[in-house]
Amino acid sequence: MSSARLPRDSDNDYTHEAAARRRAFIESQGQCSLEHVGSYSFDPATLPGNIENFTGVVQMPLGYAGPLRVIGEHAHGEFYVPMATTEGTLVASYSRGMRLTREAGGVTTTVVDDAMQRSPVFAFDDARGAREFGHWINQHFTDIKAAAESTTRSGRLRNIEQYAASRMLYLRFNYTTGDAAGQNLCGKATFAACRWILDNYPGAIGRYFLSGNMDTDKKHSQLNTLHSRGKRVIAEVTLPRDLLRDLMRTTPEAMYAARMASQLGGLMAGAVHNGVHPANGIASVFIATGQDEANVAESHASLVHAEITPEGDYYYSVTLPSLIVATYGGGTGLATQRECLESIGCYGEGKARKLAEIVAATVLCGEISLGAAVVSEEWVSSHDTYGRNRP
């Protein structure tokens, strides 16, 4: 391999010709063929802001699971859910869970919180200086809010949390962001707010950084589990005993016993949440609908709770405390991703909470289906049937 630079066009780098030159360059460097990478249907002119050095596409298989019945405040009705994956059995398993919950009446979904963060840190001569700075921040919240919101049409600064350590004060700015995921929005708004703080604080600030890492961007954290990042969504369903027996060949008692055993095993392993495999469903829907796939790191953390009801049925709920989704901006406007969003009525403004409810209901269906497959000892046989693809 040489150190030659990738071809670029300083006038317009987002053309079919520019992409073809880069493919030819990579082929010459790697002695490979990029025939399939070069096959795509959209105009590269739509890509500024989404990628640099555009060369082609990596195509993911897309399947639809469903129908999924959602009883939400924003999503209500039946949906066929787009899932992009290379894992055999995944779409089939989620579809099985969707059938079960549909025949049980549907999955009830509720968005209970919504906030995106940026977390700057300020350093002082000592801890008392940091404490006084915190008092000043509280007194001037209205001015700080105005400075932050001057940079955005849709972002609103909701509140500022404070966390003191050593001679530093970490500020966690919480924004509502409309239908955008909002990380860049929050960064720009918080930068403006911090400039206002630096210009107006009467005391001495030793040093500041725009991110002190307490926003835990694209990382799981206990703080996000408690205080939320993105949408906090709860999906729940009650599964009749007879339905579990007929469709899943198991019982509420067996499912509950497996849940208790798996929670203990996860505790011993140091797991950060007690879900079965929420990342599977979230990642596949994210890829299909143009979400930032790295946000699976925060979004997959789940809090699962189950009960056997007095009637002998099985209540099951999944709480996603940090589900980050968008229906506007980012990758959502790309050609195939937009089509997938439109297929579930979730493209454009006013749709982010609807998408969050659909994702949460999808996750619940996958949790139930895999859990039942393990209990009924059908997990291995299903993968042997649907998940084998060996050259």
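Owing to the predicted nature of the structure, the values given are computational and were not obtained by experimental measurement. Along each chain, residues carry numbers from 1 onward, in the same order as the chain's sequence is written. The predicted origin of the model limits local features to residues at a pLDDT of at least 70 and limits the giving and counting of side-chain atom pairs to 80 or more, whereas totals for whole chains, interfaces and linings rest on all residues. As a rule here, side-chain values come from all non-hydrogen atoms in the structure, and water together with hydrogens is ignored.

S.K.: How should the pairing of strand β8 (residues 230–239) be read in this particular structure?
M.R.: Within a regular beta strand, the side chains point alternately toward one face of the sheet and then the other, so they alternate between its two faces. With seven of its 10 residues buried, β8 lies for the most part within the structure. With seven bridges joining them, strand β3 (residues 107–118) and β8 adopt antiparallel strand pairing. Residue pairing in the sheet places D114 in a bridge with K231 of β8. The buried label goes to any residue with under 20% of its type's maximum accessible area, the exposed label to any with over 50%, and the partly exposed label to all in between, with areas taken from a 1.4 Å probe on protein chains only. Helix and strand definitions follow DSSP, with helices as H or I runs of at least four residues and strands as E runs of at least two, each counted in order from the N terminus. Should DSSP find at least two bridges between two strands, the strands are regarded as paired.

S.K.: Sorry if this is basic, but what is going on with the packing of aromatic side chains here?
M.R.: One pair of aromatic rings is described through two measures. These are the centre distance and the angle between the planes. Side-chain rings of Phe, Tyr and Trp, where Trp is taken by its six-membered ring, are said to pair if the distance between their centres is within 6.5 Å; with planes under 30 degrees apart they count as stacked, over 60 as edge-to-face, and otherwise as tilted. Enumeration over the complete set of coordinates arrives at 13 aromatic pairs. Ring centres 4.9 Å apart and planes at 45° place the aromatic pair F124 and F133 in the tilted group. Here the aromatic rings of W136 and W196 are separated by 5.8 Å at their centres, their planes lie at 25°, and the arrangement is stacked. With W136 in helix α3 (residues 127–139) and W196 in helix α5 (residues 183–200), this pair connects stretches of sequence that are 60 residues apart. The rings of F122, F124, F133, W136, W196, Y201 and Y208 are connected pair by pair, giving a single aromatic cluster.

S.K.: Teacher, can you tell me more about the nonpolar core here?
M.R.: It is characteristic of soluble globular proteins that their nonpolar side chains tend to be buried jointly. Membership of the largest hydrophobic core comes to 48 residues, with the highest contact counts inside it found for L68, L100, Y314, Y316, L323, I358 and L364. The element contributing the most residues to this core is helix α12 (residues 352–375), with 11 residues. Those residues in contact with Y316 that lie beyond four places of it in its chain are A235, E236, V237, R259, V276, V304, H305, A306, L364, E367 and I368. Membership of the second largest hydrophobic core comes to 26 residues, among which are M116, F133, L171 and Y201. We call a set of buried Ala, Val, Leu, Ile, Met, Phe, Trp, Tyr and Cys residues a nonpolar core when their side-chain atoms join them within 4.5 Å. Pairs of residues are marked as contacts when any of their non-hydrogen atoms sit within 4.5 Å.

S.K.: Even after reading the chapter, I still don't get the layout of surface pockets, so can you show me in this structure?
M.R.: Unoccupied space between atoms shows up once a probe the size of one water molecule is rolled over them. What the second largest pocket holds in volume is close to 410 Å³. Buried and open spaces are told apart on a 1 Å grid over the protein atoms alone, a cavity being a set of points where a 1.4 Å probe fits but cannot get out and a pocket being an open set with protein on both sides within 12 Å along at least five of seven lines. Residues with an atom within 4 Å of a point are the lining residues. Taken together, 19 residues make up the lining of the second largest pocket; nearest its centre are R259, S262, Q263, N274 and V276. For this classification, the nonpolar set comprises Ala, Val, Leu, Ile, Met, Phe, Trp, Tyr, Cys and Pro, the charged set comprises Asp, Glu, Lys and Arg, and every other residue, Gly included, is treated as polar. Grouping the constituent residues of the lining of the second largest pocket by class yields nine nonpolar, eight polar and two charged. Grid points are joined across faces, edges and corners, and a volume is the space filled by probe spheres set on the points.

S.K.: Just to check I follow, could you spell out empty space enclosed by the protein for this structure?
M.R.: Under the defined criterion, the tally for this structure stands at one cavity of 30 Å³ or more. D114, A115, M116, T177, A181, G230, K231, I324 and V325 together form the lining of the largest cavity. Contributing elements (two or more residues each) for the lining of the largest cavity: β3 and β8.

S.K.: Hey, could you run me through the pairing of strand β2 (residues 76–84) in this one?
M.R.: Strand direction decides the pairing type here: strand β1 (residues 62–71) and β2, joined by eight bridges, are antiparallel. Its bridge partner lying in β2, V70 is registered against G77. In this structure, the hairpin formed by β1 and β2 is closed by a connection of four residues.

S.K.: Is there a simple way to think about the packing of helix α9 (residues 278–289) against α12 in this case?
M.R.: Relative placement of two packed helices is described by the angle separating their axes and the distance separating the axes. Convention adopted: a line fitted to C-alpha atoms gives each axis, helices being fitted over their contacting stretch, and angles between N-to-C directions are expressed from 0 to 180 degrees. Contact pair α9 / α12: the axes reach a minimum separation of 8 Å and the direction vectors enclose 140°. By the angle class used here, α9 and α12 are oblique. Along this stretch, α9 crosses α12, giving a crossing that reads as right-handed. Here α9 contributes P278, I282 and V285 to the contact with α12, which in turn contributes V359, V363 and E367. Roughly parallel refers to an angle under 35 degrees, roughly antiparallel to one over 145, roughly perpendicular to one between 65 and 115, and oblique to any angle outside these ranges. Left-handed is the label given to a crossing in which the near helix is rotated counterclockwise from the far helix by less than a right angle, and right-handed is the label when the rotation is clockwise.

S.K.: How should the environment of V374 be read in this particular structure?
M.R.: Mapping V374 onto the fold places it in helix α12. When the C-alpha positions of V374 and A258 are compared, they lie 8.6 Å apart, and in sequence the two are 116 residues distant.

S.K.: So what exactly am I meant to see when it comes to a nonpolar patch on the surface here?
M.R.: For patch detection, residues must exceed 30% relative accessible area and be free of salt bridges, and they are connected within 9 Å for like charges or within 5 Å for nonpolar side chains (Val, Leu, Ile, Met, Phe, Trp, Tyr). For the area figures, the Shrake-Rupley method with a 1.4 Å probe applies, and any residue is considered shielded solely by the protein chains shown. Any Lys or Arg side-chain nitrogen found within 4 Å of a carboxyl oxygen on Asp or Glu counts as a salt bridge. Residues L62, Y64 and Y80 make up a contiguous nonpolar surface patch of roughly 310 Å² in combined accessible area. As for its placement among the helices and strands, Y80 is situated in strand β2. Given a relative accessible area of 48%, Y80 falls into the partly exposed group.

S.K.: Quick question: what am I supposed to make of α12 here?
M.R.: Note that an α-helix has 3.6 residues per turn; residues three or four places apart therefore point the same way. To estimate how far a helix should extend, the number of its residues minus one is multiplied by 1.5 Å. Here α12 is 24 residues long and its end C-alpha atoms lie 35 Å apart, about the 34 Å a rise of 1.5 Å per residue gives. Looking one or two residues beyond α12, the residue adopting positive phi is E377, at roughly 60°.

S.K.: Got a minute to help me understand the pattern of salt bridges in this structure?
M.R.: One side chain can pair with another of opposite charge once the charged atoms of both are near each other. Applying the stated criterion across every chain yields a total of 20 salt bridges. Where D9 meets R21, a salt bridge forms, and the shortest distance between an N and an O atom there is 3.5 Å. With a gap of 12 residues between them, D9 in the segment before α1 (16–30) and R21 in helix α1 connect regions that are remote in the sequence. Looking at R21, the relative accessible area reads 39%, which means it is partly exposed. The closest approach of N and O atoms between K218 and D292, which form a salt bridge, is 2.7 Å. Taken together, the residues span a long stretch of sequence, with K218 in the loop between β7 (207–209) and α6 (222–227) and D292 in the loop between α9 and α10 (296–299) at a distance of 74 residues. Owing to a relative accessible area of 32%, D292 belongs among the partly exposed residues under this scheme. Within the structure, one salt-bridge network assembled from shared partners comprises R118, D215, D217, R229 and E298.

S.K.: How should I be thinking about helix α4 (residues 141–149) in this particular structure?
M.R.: Those residues of α4 not exposed but buried are I144, A147, A148 and E149. Each element contacted by the buried residues of α4 is listed here: α3, β5 (156–165), β6 (168–176) and α5.

S.K.: Please explain the packing of α4 against α5 as it appears in this structure.
M.R.: Here α4 crosses α5 at 135°, and the two axes come no closer than 7 Å. One way to sum up the angle between α4 and α5 is to call them oblique. Taken as a pair, α4 and α5 cross one another with a handedness that is right-handed. Here α4 contributes D143, I144, A147 and A148 to the contact with α5, which in turn contributes A189, A192, A193, W196 and I197. Taken together, the residues of the contact of α4 with α5 break down into eight nonpolar, no polar and one charged.

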